[in-house]
Amino acid sequence: MSARRVVATGLGAVTAFGRGIDAYWKALLRGDSAARPIERFDSTPYRSRLGAEVPPSLYADAELRRACGDPAEDSAFFMALAADEALRAARVGPKFSDEDRVGCALGMLCAGAAEQMAIARDYLGGGPRPSAGLVTAARPGYQLSFLVERHNLTGPSGLISTACASSTDAIGHAFDMIRLGACDAALAGGGDVLAESIHGGFNSMFAITVSSAKPFDRERDGFFIGEGAGALYLETLESALSRGAEILAEVLGYGLSNTAHHLTATSEDGAGEALAMRRALEEAGVPPEAVDYVNTHGTATRYNDATEIRAVEAVFGARAPRILANSNKAAIGHCMGASGALEAVATILALKTGLVPPTPGTRGDAEGLNMDLVKGEPRRASIRTAISQSFGFGGACSCVALRRWDGES
Amino acid sequence: MSEVWITGVGVVGPHGLGIDAVLESASSDASAYAPWPAEQDPPGAGAVIGAARVIPKERFFTERQLRQVDRVMAMSTCAAGQALENAGLADGGIDRDGTAVFFATSRAERTSMLRFTQPILDGKPRALNPANFPWMARNISCGQIAIRFGLRGPSTTLASGSLAALEAVGRAYDFLRLGRARTAVVTAAEILSKFALYSFRAEHGEDCARPAPAFFGRTPGRLIPSEGGVALVLERADAARARGAAAYARVRGWRCGRLGGGPWGEGLLGAWTRLLAEGGLSRSEVALLSACSGGGARTHELAEAHALSLWAKDADPPTLFCAPRSFSGEGECWTGLLQAALAAACLRARRAPPTRHTAHDAPQAVRERAQGGALSGAAALVSGLESDGRYGVLHLERGDA
């Protein structure tokens, strides 16, 4: 295997707290929750109306949208904004030359869902045949096509759709592209939208909270859906050093697994989820006792959190109580396919600043909770190694291992 | 890094079951197509579709399980089951934690999305059926394959368009080479339904109404929508050898990227040539080039046709060109993976079927190479290209070479 090391040198975010890393990180540190009644569509018929929408002012900013190349679909717009920020921070791009061979790996779940609904409405209503433009925007691959053309990314690319694990997997995919020498740098992450069909679906499964998301709380009753995008600019260590870039963290490895248990439910014993965590650590060359912080999947559903607790127990055993943990989903909502990227961004910021944001809304009293869940206030700590993990429908599990950059040790 | 073999192939599609059915059908004059359903507003006289003839669901699911799978889950699981059987891994010989599942699709979820969301569209959102909700996730077929065969290895779903099928093979190849898995089941599937046909026609417009497909030229031809499922079993060579398995083909290399600002035909030819060079081969050593054209004149098809014409000018002995979509229709990911499956099967059989409906304006040298026949060597390239310039190319070598 190639010994190329991969580092992150640029981050970008769009969340319900607005545009940019700064807005996202400050809200996380304050322990804010962006949950509000959804306004974009009529949410009144649903059991819960809660969601975390990107601010309407951003949606309505036609000039900004045009500046982003006028994407025909909202997740691509969010991802374009996040990518711009990541590239600016890394001091590269935004338009690359053909010779640069920058790669791109994105993850998403709901992108294009509103457009698919519009086509379905025409179909059922016998309306005019939808335009080719609408059909194109409804395609899963639209976001990737838009990004690679916008930034002239000529390296390898891929679009991952493993439900809620999508963009963690995408970071791993980008890591592979760079490490294996297919390219020297890659844009990774993903954008996703709060779609009515998905809100309705999770409501029908009683997975959306009617009060507030309370990860790892005895009284937890589900999550609320968020939206936005997370972007990471990854490159070889050699490339970052040679151009004098600020290195934010090192990507050490990642792991994937399938629980092979149930199409929607997590495994009862956490064994399938633990496989992805172990694979990430093994590939990273990191023993479990070296992990300081877990950015959890932490959906705040009764079964998911219980399974995650068991998976952490299986991997870390006696070490678990000394591991700091949090969930960002109680703050920005469950951003579906984009959640992994946004959580990896928060993990890197925690490694860099030595601050772990609190998990809003929770008492942290879930049965069997074995991690040191940060709640109330941010925790200052010297964390060196962290994992960020995501689990999704279809038994999809992904985990990425990250390390604080302390120089070339 | 480990060598990687293709040891099993499964196909469920318009030609029937198995890769041999595709080869037989493609080598004869038989058509695998059915008439475009009359109630679905056919785009023109004689319009046809490539519908799967039979899905052997009962072989892989119980009656109760069948109530919980949709068409794409059934098709992809059946293809994966066939491939595992074909590889000799169906009867307990599989390393469950060491077997990865990679799935590719472009539109798998569309039909089930309509089914699930219809109550919202009818103004009755409280009537949403949670049992149908999981089918909205396009990786659900990947999960179904993992559940059905108990596979807990790395698992992912790629959805970048038609190219996702070759990307899935490429990613599986990397996982096996890196030692993350011993075996990988790579599956791609697409389905047709009334709604899928409606969407296909909306996207491809008048290309659906043209009189006939036209391959490798500049004339716009007809696109024939198609459905099916394909699965490949990829295995680390050491694992395959240890159990005495035979290889259809070896995966010798993989390359992907995006064509930039220069002429795409030349760019694609360059990508093919660079991959060969990485494997120590020249163009004259390639016996078969599997093309991704669907018979129209879309951007990527024009670029590929140009690249083939450049290739045909100077490669000797002649590389045969084969476009599986000429006898299987435009099935996006399913036909994308069929390209790889068919190339592997052709290498094993040392013959390639002809490309049907070669365009009248295709260069003579290209037309000659598209007539099928005996392969002159042991190497094949499988090429994919999207209209945004993203390409992927896979280098295969006959298993006993």
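In what follows, the structure referred to is the one given above.
In this text, all values refer to a predicted model and were calculated from it rather than measured experimentally. Going along each chain's sequence as written, the residues are numbered from 1 onward. For this description, chains carry letters from A and ligands carry numbers from 1, given in the order in which they are written. With pLDDT at 70 or above as the cut-off, local features in this predicted model cover only qualifying residues; side-chain atom pairs require 80 or more to be listed or tallied, and sums for whole chains, interfaces and linings still use all residues. With hydrogens and water set aside, each side-chain value is computed from the structure's full complement of heavy atoms.

(A) Summary view of the nonpolar core. Grouped together as the largest cluster of nonpolar side chains are 108 residues, with contacts concentrated most on Phe-78, Cys-110, Ile-198, Phe-202, Ile-225, Tyr-233 and Met-336 of chain A. Per element, the largest residue contribution to this core is 11 residues, and it comes from helix H4 (residues 74-90) of chain A. When residues no more than four places from it in sequence are discounted, the contact partners of Met-336 of chain A are Leu-109, Cys-110, Cys-164, Asp-192, Ile-198, Phe-202, Phe-223 and Ile-225 of chain A. The set of buried Ala, Val, Leu, Ile, Met, Phe, Trp, Tyr and Cys residues whose side-chain atoms join them within 4.5 Å is what this entry labels a nonpolar core. Three labels apply to residues, based on accessible area from a 1.4 Å probe with only protein chains included: buried if under 20% of the type maximum, exposed if over 50%, partly exposed otherwise in between. Formed by 105 residues, the second largest nonpolar core is a distinct cluster that contains Leu-232 of chain A together with Leu-23, Ala-172 and Cys-322 of chain B. Numbering of helices and strands runs from the N terminus; a helix is a DSSP stretch of H or I covering at least four residues, while a strand is a stretch of E covering at least two. A contact between two residues is defined here by any heavy atoms of the two lying within 4.5 Å.

(B) Summary view of the interface of chain B and chain A. Between chain B and chain A, the contact holds 70 residues from the first and 73 residues from the second. Carbon and sulfur atoms make up 59% of the area that chain B and chain A hide from each other, which totals about 5800 Å². By buried area we mean the combined loss of accessible area, with a 1.4 Å probe, across both parts when two parts are placed together. Looking only at chain B, the three residues that lose the most surface to chain A are Arg-152, Tyr-198 and Arg-258 of chain B, adding up to 13% of its buried area. Salt-bridge detection follows one rule: a side-chain nitrogen of Lys or Arg within 4 Å of a carboxyl oxygen of Asp or Glu. For the interface between chain B and chain A, the tally reads 6 salt bridges. Here Glu-203 of chain B ties to Arg-139 of chain A by a salt bridge, and the two come within 2.8 Å at their closest N and O atoms. In protein, a polar contact means a hydrogen-donor-capable atom and an acceptor-capable atom, both N or O and within 3.5 Å, with residues adjacent in sequence counting only if both atoms are side-chain atoms; elsewhere, any N or O pair within 3.5 Å suffices. Joining chain B to chain A, the criterion identifies 27 residue pairs in polar contact (both at pLDDT 80 or more). A total of 8 residues in the side of chain B that touches chain A trace back to one element, the largest contributor, which is helix H5 (residues 110-121) of chain B.

(C) Representation of helix H8 (residues 194-204) of chain B. Of all 11 residues in H8 of chain B, 10 are buried; the element is thus mostly enclosed. Listed as buried for H8 of chain B are Phe-195, Ala-196, Leu-197, Tyr-198, Ser-199, Phe-200, Arg-201, Ala-202, Glu-203 and His-204 of chain B. Contacts made by the buried residues of H8 of chain B are with helix H5 (113-125) and helix H6 (132-138) of chain A together with strand S4 (48-49) and H5 of chain B. Phi turns positive, to about 45°, at Gly-205 of chain B, one or two residues after H8 of chain B.

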